[in-house]
Amino acid sequence: VSSKSFHVLDYNTVFKLRVQLLQLIIPEEDVVCAIVDQSTQVRIQNGVGLSENNPTEKAVISQLKKQKNEADELALYTKCADIPCILNVDAPVDNASERPESMITLNLKAGIPNVISSSDA
């Protein structure tokens, strides 16, 4: 199963990516369960961070690498950007106020906006 999404975030914004997982139990009736097996793995490709494959973003990465106290910031920018992350499902949280659910959570940081220009626009 694959899913793509489009996001607009301010540059330099730390955000939490939260992917709620559902398992189809009875396809004919669209019955789903919000808890999936914990051995389930999800592939995340970050398209809003900084990538070594983009010359402008590569220059920013290079500058951040030179600053010793910026390692954590650099990690948030580049996590899952060039090499997709394969993540395990978080353990379902069972608290009395909400139904338990399986999800993937990940903190990331928005990089330089990617603008596609077109003469047809």
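I will try to describe carefully the structure that is included in this document. Everything quoted here is computed from the prediction, not taken from an experiment.

**Quick word on the overall build of the protein chain**
- Tallying secondary structure elements over the protein chain gives two helices and six strands in all.
- Going from the N terminus to the C terminus, the protein chain shows its helices and strands as β-β-β-β-α-α-β-β.
- Burial statistics for the protein chain: of 121 residues in total, 25% are counted as buried.
- At a minimum sequence separation of 6, the contacts of the protein chain that also span at least 24 residues come to 68%.

**Let's talk about the state of the cysteines**
- The tally for this structure, following the rule as stated, stands at one disulfide.
- Note on cysteine connectivity: Cys 80 is disulfide-linked to Cys 85, with sulfurs 1.8 Å apart. Its S-S torsion of approximately -105° makes the covalent link between Cys 80 and Cys 85 left-handed.

**Comments concerning the packing of aromatic side chains**
- Enumeration according to the criterion identifies one aromatic pair in this entry.
- Considering the side-chain rings of Tyr 11 and Tyr 77, the 6.4 Å spacing of their centres and the 20° angle between planes classify their relative orientation as stacked. Separated by 66 residues along the polypeptide, Tyr 11 in the segment before β1 (14–21) and Tyr 77 in helix α2 (residues 71–78) bring together distant segments of the chain.
- Take Tyr 11: its relative accessible area is 43%, and that puts it in the partly exposed class.
- Residue classification places Tyr 77 among the buried positions, given a relative accessible area of 1%.

**Quick word on the environment of Asp 10**
- By secondary structure assignment, the location of Asp 10 is in the segment before β1.
- Sequence separation between Asp 10 and Pro 113 is 103 residues, and the spatial gap between their C-alpha atoms is 8.2 Å.

**Side note on helix α1 (residues 55–66)**
- Its twelve residues place the ends of α1 17 Å apart at the C-alpha level, agreeing with the 16 Å of an ideal helix rising 1.5 Å per residue.
- For α1, the set of buried residues is Glu 57, Ile 61 and Leu 64. Viewed along the axis of α1, the buried residues span an arc of 60°, placing them on a single side of the element. Turned more than 90 degrees off the buried face of α1, the exposed positions are Pro 55, Thr 56 and Lys 66.
- Between a side-chain oxygen at the N-terminus of α1 and the backbone nitrogen of Thr 56 the separation is 2.9 Å; the capping residue is Asn 54.

**A word on the pattern of salt bridges**
- One pass over the full model with this rule turns up three salt bridges.
- With its nearest N and O atoms 3.1 Å apart, the salt bridge here joins Glu 73 to Lys 109. You can see Glu 73 sitting in helix α2 and its partner Lys 109 sitting in strand β6 (residues 102–109), a full 36 residues away along the chain. Like Glu 73, the residue Lys 109 is buried in the burial classification.

Conventions used here
- Residues numbered from 1 in each chain as written.
- Predicted model: local features only at pLDDT ≥ 70, side-chain atom pairs only at ≥ 80, totals over all residues.
- Heavy atoms only, no water.
- Helix = DSSP H or I, 4+ residues; strand = E, 2+ residues; numbered from the N terminus.
- Buried < 20%, exposed > 50% of the residue type's maximum accessible area, 1.4 Å probe, protein only.
- Contact = heavy atoms within 4.5 Å.
- Disulfide = S-S within 2.5 Å.
- Phe/Tyr/Trp six-rings, centres within 6.5 Å; stacked < 30°, edge-to-face > 60°.
- Expected span 1.5 Å × (residues − 1).
- Arc of directions from axis to C-beta.
- Polar contact = N/O pair within 3.5 Å; in protein donor to acceptor, adjacent residues only side chain to side chain.
- Salt bridge = Lys/Arg side-chain N within 4 Å of Asp/Glu carboxyl O.

Everything listed is a geometric property; what it means functionally is a separate question.
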